[in-house]
Amino acid sequence: MENGRKNKDFNPHNCPVTHALNIIGGKWKILIIYAISKNCNRFSSLKRAIPMISKQMLVNQLRELEADKIIDRVIFAEIPPRVEYKITEYGQTLTPVINILQDWGLKDLKK
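These numbers come from a predicted model, not from an experiment.

Caption draft 1: How the structure looks around the nonpolar core. The biggest cluster of nonpolar side chains holds 20 residues, and the ones touching the most others in it are Ile-32, Ile-33, Ile-36, Leu-46, Leu-62, Ile-70 and Ile-71. Of the residues forming this core, the biggest block, 4 residues, is contributed by helix H2 (residues 29-37). Contact partners of Leu-46, with chain neighbours within four places excluded, come to Ile-32, Ala-35, Ile-36, Cys-40, Leu-58, Leu-62 and Tyr-85.

Caption draft 2: Structural detail: the pattern of salt bridges. Counted by the stated rule, this structure contains 4 salt bridges. Here Lys-29 makes a salt bridge to Glu-64, at a shortest N to O gap of 2.7 Å. With Lys-29 in helix H2 and Glu-64 in helix H4 (residues 55-67), the pair connects residues that are 35 residues apart, well separated along the chain. With respect to burial, Lys-29 and Glu-64 carry one shared label: buried. Glu-78 is the partner of Arg-82 in a salt bridge, and the nearest nitrogen-oxygen pair spans 2.9 Å. Residue class for Glu-78 comes out partly exposed when judged on its relative accessible area of 36%. Connected through salt bridges with shared partners, the residues Glu-78, Arg-82 and Glu-84 form a single ionic network.

Caption draft 3: Quick look at the packing of helix H1 (residues 16-24) against H2. The interhelical angle for the contact between H1 and H2, taken along N-to-C directions, is 65 degrees, at an axis separation of 9 Å. Between H1 and H2, the interaxial angle falls into the category roughly perpendicular. Here Asn-22, Ile-23 and Ile-24 of H1 come into contact with H2, specifically with Lys-29, Ile-30 and Ile-33. For the contact of H1 with H2, a count of residues per class yields 4 nonpolar, 1 polar and 1 charged.

Caption draft 4: Local environment of unusual backbone geometry. The omega torsion of the bond from Ile-79 to Pro-80 falls at -5 degrees, within 30 degrees of zero and hence cis. Located in the positive-phi region is Asn-39, a residue other than glycine, with phi close to 65 degrees. By the element assignment, Asn-39 lies in the loop between H2 and helix H3 (43-49). Positive phi, normally seen in glycine, also occurs at Lys-69, with a value near 65 degrees. You can see Lys-69 is positioned in the loop between H4 and strand E1 (71-76).

Caption draft 5: The packing of H2 against H4, seen in detail. Viewed as axis vectors pointing N to C, H2 and H4 meet at an angle of 75 degrees, and their least axial separation amounts to 10 Å. Considering their axes alone, H2 and H4 lie roughly perpendicular with respect to each other. Side by side, H2 and H4 meet where Lys-29, Ile-32, Ile-33 and Ile-36 of the first sit next to Leu-58, Gln-61, Leu-62, Glu-64 and Leu-65 of the second. Of the residues that constitute the contact of H2 with H4, the class distribution is 6 nonpolar, 1 polar and 2 charged.

Cut-offs applied
- Residues numbered from 1 in each chain as written.
- Predicted model: local features only at pLDDT ≥ 70, side-chain atom pairs only at ≥ 80, totals over all residues.
- Heavy atoms only, no water.
- Core = buried A, V, L, I, M, F, W, Y, C linked by side-chain atoms within 4.5 Å.
- Buried < 20%, exposed > 50% of the residue type's maximum accessible area, 1.4 Å probe, protein only.
- Helix = DSSP H or I, 4+ residues; strand = E, 2+ residues; numbered from the N terminus.
- Contact = heavy atoms within 4.5 Å.
- Salt bridge = Lys/Arg side-chain N within 4 Å of Asp/Glu carboxyl O.
- Axes fitted to C-alpha atoms, helices over the stretch in contact; angles between N-to-C directions.
- Parallel < 35°, antiparallel > 145°, perpendicular 65-115°, else oblique.
- Nonpolar A, V, L, I, M, F, W, Y, C, P; charged D, E, K, R; others polar.

That's the geometry; what it means functionally is another story.
Pasting the structure below:
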């Protein structure tokens, strides 16, 4: 499967901020990572937690996060098959960043 992301490799000046945003930037990825980290780990529960996201966008974002090794997709051999997502060890390194964003957002909401 070809990676169709437009800005995945865009980083003309080798900027670390641009690199990070290429992986976790956008409207939905941080919300998805946060939800999965709070045990909202099935597709239907993610869709309920983020009702504004379309099903196709959620599928695309989950695939990108999996390709970037931020999350793992775990398939259970059951009937019917069950799929859950979990944050990888590498993905857990984003937890402090997300916590700082959450703290900043809470303070800004109080203005």
